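# Inside the fold
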Amino acid sequence: MSRGGCGSVCDSGALMPVDEAIRYLLDQAPLPPPVQRVALDQALGRVLATDVRCPMNLPPWDNSAMDGYALRAADLPVDGGYLTLAGRIAAGEAPGQPLQAGQVVRIFTGAPLPPGADTVVPQESCRVEGERVWLPPVKGAEHVRREGEEMQRGDRLLQAGKRLRAQELGLLAGAGIARVEVYRPLQVGLLSSGDELREPGQTLAPGQIYNSNRHSLMALLRGWGLEVHDYGVMPDKLLASRQALSLAATECDLLLTSGGVSVGEEDHLKQAIEALGSVDLWRLAIQPGKPLAFGEVAGKPWIGLPGNPSAALITALIVVRPFLFRAQGMDEVLPTALQLPAGFDWLKPNRRRQYLRAKLTPAADGSLCVELHPQQSSAMLAAACWADGLAVVECQAQVHKHDKVMYLPFASLMH
Ligand code: AMP
Ligand code: MG
């Protein structure tokens, strides 16, 4: 792993732009984990390792999109008229005899069209009179799903690098594919650092706080489809930190820690990692955030997040997520950004790009605008719980009400 990606920038006291950090990390992402063949019911959230070709035409044959009557459009007079009822085909039945001139067949949604039929008229527009059916005028080729109109045999059904959601699993199943080649989930070792941390449920002594990041980061990693190995808290001691980190490095593909990377920290974490691998301490132009570390521990990539809970959450969402997604073999790693009108003024330009806890609220005319939570501290999470996304204000920028502002919905960051 190369080092010093931002050395000159950081050493000069300048801040590293967020996009540069993301690009650098994407370049450094390790190759994806080994490939596994899994059954569809094990494949939710997994990333396809190979392109999947469609083994059949979809739909496999012409079929009706409605309950109604199938006919040859040319048989019907232009103003509509009577045709002879010649049979009935339900879903699951074979298409039966070819349709003769002047005939209609009763047909149900999903049933195969009889040979010769080219259109279906919904039942509510027809009138049955004994052996005859009156039908309204038709244009032809209506309410029919044509063989291969969605996908042809041999077409690419899904592309390698795609994460499988409900709709992809349904598509694969619909094409008769029972197993897929996916990457094994990344094994991420998670460690918190700080002697002050206790677990929820324990009693706090003076000076102690509860470990928030362990739970928020574990939830993020799991939501991203990764496997978490939880190593709890590393004490602020060199030997214990080294031991915890080396164990995690032998058991995991990569390591994520929180805390212990800010300036003025007792730097046991830095020393421990230097003894086992390498460390770059970055100062990112991001708020909340700024201190972020990247390096390796016994050959495994390591990212050190800041300790403050909101800073840890947001740097994980913005900077770490693309790196982990790329390491997991995913193609699309950046979140979907929206441009929406600001419902606020931001008049304090800052040298760091702001990721503000925000929410979409309907304006008087029903259009959406971006509102900010009044509390934007990097130590506090309540604003992030109120929020449904992040408003992004560029370095040194001001925002006036009604200006367009970039908005990243949590929905596109948490999955
Ligand atoms: P550090 O980066 O270790 O200097 O920590 C910065 C701030 O974040 C301090 O106030 C820490 O107490 C706090 N902090 C660090 N880790 C955690 C954690 N896992 N949960 C909650 N707060 C934390
Ligand atoms: Mg600390």
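Criteria and thresholds
- All residue numbers here refer to positions counted from 1 along the written sequence of the relevant chain.
- Lettering of chains starts at A and numbering of ligands starts at 1, both following the order in which they are written.
- Since the coordinates come from a predicted model, pLDDT governs what is reported: local features require at least 70, and pairs of side-chain atoms require 80 or more to be given and counted, while whole-chain, interface and lining totals use all residues.
- The side-chain values count all of the structure's non-hydrogen atoms but skip hydrogen atoms and water molecules.
- When DSSP locates at least two bridges between a pair of strands, those strands are taken to pair.
- Secondary structure is summarised from DSSP: a helix means a run of H or I of at least four residues, a strand means a run of E of at least two, and numbering begins at the N terminus for each.
- In this analysis an axis means a line fitted to C-alpha atoms, helices contributing only their contacting stretch, and an angle means the value between N-to-C directions, from 0 to 180 degrees.
- Here a residue-residue contact requires only that any non-hydrogen atoms of the pair lie within 4.5 Å.
- Each angle receives one of four descriptions, namely roughly parallel if under 35 degrees, roughly antiparallel if over 145, roughly perpendicular if within 65 to 115, and oblique otherwise.
- The handedness criterion is simple: a crossing whose near helix is rotated anticlockwise from the far helix by less than a right angle is left-handed, and one whose near helix is rotated clockwise is right-handed.
- Using protein atoms alone on a 1 Å grid, points that fit a 1.4 Å probe yet trap it form a cavity, whereas open point sets bounded by protein on both sides within 12 Å along at least five of seven lines form a pocket; residues with an atom within 4 Å of a point count as lining.
- Grid points are joined across faces, edges and corners, and a volume is the space filled by probe spheres set on the points.
- Polar here means any residue other than Ala, Val, Leu, Ile, Met, Phe, Trp, Tyr, Cys and Pro, which are nonpolar, and Asp, Glu, Lys and Arg, which are charged; Gly is therefore polar.
- Residue ranges for the domains trace back to a domain assignment, done automatically or taken from a database.
- Only buried residues count toward a nonpolar core, which is a set of Ala, Val, Leu, Ile, Met, Phe, Trp, Tyr and Cys residues joined through side-chain atoms within 4.5 Å.
- Each residue is placed in one exposure class: buried if its accessible area under a 1.4 Å probe, protein chains only, is under 20% of its type's maximum, exposed if it is over 50%, and partly exposed if it falls in between.

Moving on: the sheet that holds strand E13 (residues 187–193). Here we have six strands laid out as an open sheet, ordered E16-E13-E17-E21-E20-E18, and mixed in their pairing. Lying at the two open borders of the sheet, with one neighbouring strand each, are strand E16 (227–234) and strand E18 (277–283). Between one strand and the next, the sheet's axes are offset by a mean angle of 20 degrees, whatever the strand orientation. In this structure, strand E17 (residues 254–258) lies alongside strand E21 (residues 300–305), joined through four bridges in parallel fashion. Bridging across to E21, Ser258 finds its partner in Leu305. Across the sheet, helix H2 (residues 18–28) lies against E18, strand E20 (291–297) and E21, angled at about 160 degrees from E18, the strand it touches most.

Okay, the packing of helix H5 (residues 238–251) against helix H6 (residues 268–276) next. H6 packs onto H5 with a crossing angle of 55 degrees between their chain directions and a minimal axis gap of 9 Å. In terms of their interaxial angle, H5 and H6 are classed as oblique. Crossing of H5 over H6 shows right-handed handedness. Listed contacts from H6 to Leu238, Ser241, Arg242, Leu245 and Ser246 of H5 are His268, Leu269, Gln271, Ala272, Ile273, Ala275 and Leu276.

Another point: the layout of surface pockets. Each pocket or cavity is described by its volume, and for the largest pocket that value is around 600 Å³. Along the wall of the largest pocket there are 23 residues; nearest its centre are Lys162, Arg163, Arg165, Met330 and Glu332. The class makeup of the residues in the lining of the largest pocket is 10 nonpolar, seven polar and six charged. Lining the lining of the largest pocket are residues from two domains, each supplying at least three of them: domain 1 (1–33 + 185–415) and domain 2 (36–55 + 160–183). Its volume calculated, the second largest pocket comes out at about 460 Å³. Only E13, strand E15 (209–210) and helix H7 (309–327) provide two or more residues apiece to the lining of the second largest pocket.

The subject of this paragraph is the nonpolar core. Formed by 51 residues in total, the largest nonpolar core has its most connected members in Leu221, Trp224, Trp282, Ile303, Ile318, Leu324 and Tyr355. Of all the secondary-structure elements, those providing two or more residues to this core are H2, E13, helix H4 (213–223), E17, E20, E21, H7 and strand E25 (389–393). Tallying contributions element by element places H7 first for this core, with 11 residues. Residue-level mapping places this core at the junction of two domains, with at least three residues from each of domain 1 (1–33 + 185–415) and domain 2 (36–55 + 160–183). Residue contacts for Ile303: discarding those within four places in its chain leaves Leu25, Leu255, Leu256, Thr257, Leu292, Ala293, Phe294, Val320 and Phe323. Ranked by size, the runner-up nonpolar core spans 18 residues in total, among them Leu40, Met151, Leu169 and Val182.

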